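For reference, the chains in residue letters:
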Amino acid sequence: MESYTQPLSNIYASLLQTSLRTKNPFAGKLVHAQIIKSGLHLSLFLMNNLINCYAKSGFLSDAHHVFDEMPIRNTTSWNTILSAYAKQGRIDDAYRVFKEMPEPDSVSWTSMIAGYNRMGCVENAIKMFLEMISCHVFPTQFTITSVLASCAAIESLGIGRKVHTLVVKLGLNSYVSVANSLLNMYAKSGDPVTAKVVFDRMKLKSITSWNAMISLHMQSGRPDLALAQFDQMSERDLVSWNSMITGYNQRGLDREALDILSRMSKETSLKPDNFTLASVLSACANLEELSLGKQIHAHVVRTEFNTFGPVGNALISMYSKSGGVGTARKILEHSVTSDLNVIAFTSLLDGYIKLGDMNSARQIFDTLRTHDVVSWTAMIVGYVQNGFNDEAINLFRSMIREGTKPNSYTLAAILSVSSSLASLNHGEQIHAKSIRLGEVLSVSVSNGLISMYAKSGSIDCAKRIFNLIHWKKDTVSWTSMVIALAQHGLGEEAIELFEKMLEFGIKPDHITYVGVLSACIHVGYVDQGQNYYKLMKDAHGIEPTPSHYACMIDLFGRAGLLQEAQGFIEKMPIEPDVFVWGSLLASCRVHKNVELAKVAAERLLLIDPDNSGAYSALANAYSACGKWEDAAKIRKSMKDKQVKKEQGFSWVQIKGEVHVFGVEDALHLQRDAIYRLIAKIWKEIKKMGFVPNTEAVLHDLDEEVKEQILRHHSEKLAIAFGLLNTPENTTLRVMKNLRVCDDCHSAIKFISKLVGREIIVRDATRFHHFRSGLCSCHDYW
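Attention here is on the structure that accompanies the text. (Residues numbered from 1 in each chain as written. Predicted model: local features only at pLDDT ≥ 70, side-chain atom pairs only at ≥ 80, totals over all residues. Heavy atoms only, no water.)

### Things to note about the packing of helix α23 (residues 373–385) against helix α25 (residues 408–421)
Two quantities define a packed helix pair, namely the angle between the helix axes and the distance between the axes. What counts is decided by this rule: Structural elements are reduced to axes, namely lines fitted to C-alpha atoms, with helices fitted over the stretch in contact, and the angle between N-to-C directions of any two is expressed from 0 to 180 degrees. Only DSSP runs of H or I with at least four residues qualify as helices, and only runs of E with at least two residues qualify as strands; both kinds are numbered from the N terminus onward. Orientation is classified from the angle alone, with under 35 degrees giving roughly parallel, over 145 giving roughly antiparallel, 65 to 115 giving roughly perpendicular, and any other angle giving oblique. For any helix crossing, the convention is left-handed if the near helix is rotated counterclockwise from the far helix by under a right angle, and right-handed if that rotation is clockwise. Residue contacts are defined here by distance: any two heavy atoms, one from each residue, within 4.5 Å place the two residues in contact. Each residue gets one of three labels, nonpolar for Ala, Val, Leu, Ile, Met, Phe, Trp, Tyr, Cys and Pro, charged for Asp, Glu, Lys and Arg, and polar for the others, Gly among them.
At a minimum axis distance of 9 Å, the contact between α23 and α25 shows a crossing angle of 20 degrees. As judged from the angle between their axes, α23 and α25 are roughly parallel. At the point where α23 passes α25, the crossing takes the left-handed sense. Taking contact as the criterion, the partners of Val-373, Thr-377, Ile-380, Val-381 and Val-384 in α23 are, on α25, Tyr-409, Thr-410, Ala-413, Ile-414, Ser-416 and Val-417. For the contact of α23 with α25, a count of residues per class yields 8 nonpolar, 3 polar and no charged.

Okay, structure coming up:
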């Protein structure tokens, strides 16, 4: 009987294996029926094979039914049903089986550890391993690879090192799979040095080992070492090439990524996969290599590659970033939308935004079924960059209403709107929102707050924000603060902060130098400004830009060193632009140098024939010297050529509403009250010693008429309106689109003393803080 039974059991076992190989689960059920008919259903060997067949075929309930009916079970029986539950993600059922086992062995423990790993419960997997060791069950190489994967997943270097010690004690380090797992664990846990030691000590290295080291070097920021490792490989698989291509792409070395792709096509017959194509398309997008991107797209089409998912997203991003938004949109419209991620839509948004086509960008935005913070932010930033401030604010409000939490980039973008509008009230609301969201200490938000408060006239608030981020200030933070101090007339503080920046080893950029040169301009530090200009070139290797040249001309000009300014222009290595000649012309007007003003105006008008500022400045220079006829000729020429002069306006924001005033403005609803208050103030400040500067009226008129014109300048009207409509002892903020005139500057000093209030005026070049009859600029502006 035994000689007959044993071969029959083997036949049935072989048939069960065949049903698994052919993926014919119902064949297994037929074999089960034959086993019962043959009376072999009590065979432990066959029942274990049957449980395995049912479990792997997906009939887990049948497997468990067979298991329950077995009169005798061995460890293999328990492990088979346990492994089945663990592999199918039914980890609680697996654990229940595990706890019922009379004597779990290393396979049982390993199945549980691997099951927890598969479910993402890596802490449970590690805990299971530690219990296994405490129960004196020796782990196998499979146990070790599983628990090392758990350590790598949560970057648990401490436990990983203890596992490594155990590996050495048990002599398991000779297994290539174990060594590779150690490599992976050390790489992901941030210990590249030990990873390198493990790799160097490996007697047998698989391609996986080499690939792990390549990825490690890339993650550690050493692409040079990754390339050296790659070149040493005697055999490479697709993962090797992808590790190099993806690594270069992620490190911003996109040209090198494309070079590796070229090598791959020449040296191997390997075909690119999803990862290859997505990475090289990303590289093309970053380099704006539309031509090469099209070639890769053609390859995708020729090979009938699946363009859903990562490759489709990468194609949309590549076309969007490289100027082919039309093609990107066609791909999007022909794709299965559910397979496209928000990054693809956002890239298309960015493509339209870059073209300034905000209507198409908004259409794409509105087609998104769900908006994440990235898409909201991209659309808001697009509006900001294209000057649609109202739309940006409205969209931000919609974002808040729909419950999406803004991130630091969203808040920084909307703060830039407040800065451009100099809207302190709106900026303070965003500040409060950033505090509630826990983003206030983000560098980008803090920098936005510094800029917003500075441009809204609250330099003290800007300082407080700057001091709050003392532990992580970047170049932008320091630069923003230097510029803010300079704009507010605090040149000495700006220079002191710049010097401290250098002491702390923060490298200034070209914008920082514009800021510190502006500080020197506003306080008249000519020598120090020249030293900084030299330092910029010699110490930091920054080549001067037109902005730096204009600053130097302004530095000399405001100090009355007009010949030095002219000499500087003659030595410039580039052709002077509008700003350079404009700076010189403005200084000539202030210092009444008509001859040089004529030269500057002529050169400026050669570049920009319709520049109204050039005509006005030259006419004003003539008027300041009493050359009324020459001034009249310039104004007539301006009129004949239909060049329109920029009108001066001042405005003040009260209770969220902006009130704009022009010279002799008669349109405001409170006109009578404003004019009565101005007349009263005029009398009072004259009693205090104010003398109207009628020379500021650059027309040949009677003194009485000149004085009336001066009294009704736009900034004076705005101040009177502000005094009528704001509480006493509060700060009054006024904005002006042109430079404040000498008479207004003098009058506002007296007004601040008369009313006992701080009056902050932002003109075209800087802020003036008037307090108690004094101005922060010390009358040098």
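Next comes the rest of the description.
### Focus: the nonpolar core
Stated precisely, the cut-off is as follows: The set of buried Ala, Val, Leu, Ile, Met, Phe, Trp, Tyr and Cys residues whose side-chain atoms join them within 4.5 Å is what this entry labels a nonpolar core. Between buried and exposed lies partly exposed: a residue is buried under 20% and exposed over 50% of the maximum accessible area for its type, with that area taken using a 1.4 Å probe on protein chains only.
With 189 residues, the main nonpolar core has Ile-380, Met-481 and Leu-584 as its most contacted residues. Filtering out sequence-adjacent residues up to four positions away, Met-481 remains in contact with Ile-450, Ile-459, Ala-462, Lys-463, Phe-466 and Leu-497. In this structure, Leu-677, Ile-678, Ile-685 and Ile-751 belong to the second largest nonpolar core, which totals 31 residues.

### Examining helix α4 (residues 60–69)
So the rule is basically this: What the arc measures is the spread of directions leading from the helix axis to the C-beta atoms.
Burial in α4 covers these residues: Leu-60, Ala-63, His-64, Val-66 and Phe-67. Down the axis of α4, the smallest arc covering the buried residues is 155 degrees, so these residues share one side. Along α4, the residues that are exposed and aim more than 90 degrees away from the buried face are Ser-61 and Glu-69.

### Digging into the sheet that holds strand β6 (residues 774–775)
Under the convention used in this document: Strand pairing is assigned whenever DSSP identifies at least 2 bridges connecting the two strands.
Taken in spatial order, the 6 strands line up as β2-β1-β3-β4-β5-β6 in an open sheet, and their pairing is mixed. With partners counted over all chains shown, the strands left at the sheet margins are β2 (657–662) and β6, one partner each. Sheet topology places strand β4 (residues 759–762) next to strand β5 (residues 767–771); 4 bridges connect them, and they run antiparallel. Each bridged residue has a counterpart across the sheet, and for Ile-760 the counterpart in β5 is His-769.

### A look at unusual backbone geometry
Positioned with a positive phi, Lys-592 is a non-glycine residue whose angle comes to about 55 degrees. Residue classification places Lys-592 among the partly exposed residues on the basis of a relative accessible area of 41%. Positive phi outside glycine occurs at Ser-772, with the angle close to 50 degrees. Tracing the chain through its elements places Ser-772 in the loop between β5 and β6.

### A few points about the state of the cysteines
Counted only if it meets this: Disulfide assignment relies on a single distance test, namely cysteine sulfur atoms paired within 2.5 Å.
Applying the stated criterion across every chain, the model contains 0 disulfides. No disulfide involves Cys-775; its sulfur sits 3.4 Å from the nearest other cysteine sulfur, which is in Cys-777. A residue is classified by how much of its surface remains accessible, and Cys-775, at 7% relative accessible area, is buried.

### What about the environment of Val-66?
The residue Val-66 is located in helix α4 in this model. Overall, the relative accessible area of 5% leaves Val-66 in the buried class. Sequence-wise, Val-66 and Ile-159 are 93 residues apart; in three dimensions their C-alpha atoms are separated by 40 Å.

### Focus on a nonpolar patch on the surface
To keep it simple, the criterion reads: Exposure above 30% relative accessible area and the absence of a salt bridge qualify a residue for a patch, where like charges join within 9 Å and nonpolar side chains (Val, Leu, Ile, Met, Phe, Trp, Tyr) within 5 Å. Using the Shrake-Rupley algorithm and a 1.4 Å probe, accessible areas are obtained, with residue cover drawn only from the displayed protein chains. Definition used for salt bridges: Asp or Glu carboxyl oxygen within 4 Å of a side-chain nitrogen of Lys or Arg.
A cluster of nonpolar residues, Phe-649, Val-658 and Val-660, forms a patch on the protein surface that exposes about 250 Å² of accessible area. On the basis of relative accessible area, Val-658 is assigned to the partly exposed category, the value being 46%.

### What to know about the packing of helix α17 (residues 274–287) against helix α18 (residues 290–302)
Their axes nearest at 9 Å, the elements α17 and α18 cross at an angle of 155 degrees. Accordingly, the angle class assigned to the pair α17 and α18 is roughly antiparallel. Between α17 and α18 lies a crossing whose hand is left-handed. Note on element contacts: α18 touches α17 through Leu-292, Gly-293, Ile-296, His-299 and Val-300, opposite Leu-277, Val-280, Leu-281 and Cys-284. Looking at the contact of α17 with α18 residue by residue, the classes come out as 7 nonpolar, 2 polar and no charged.

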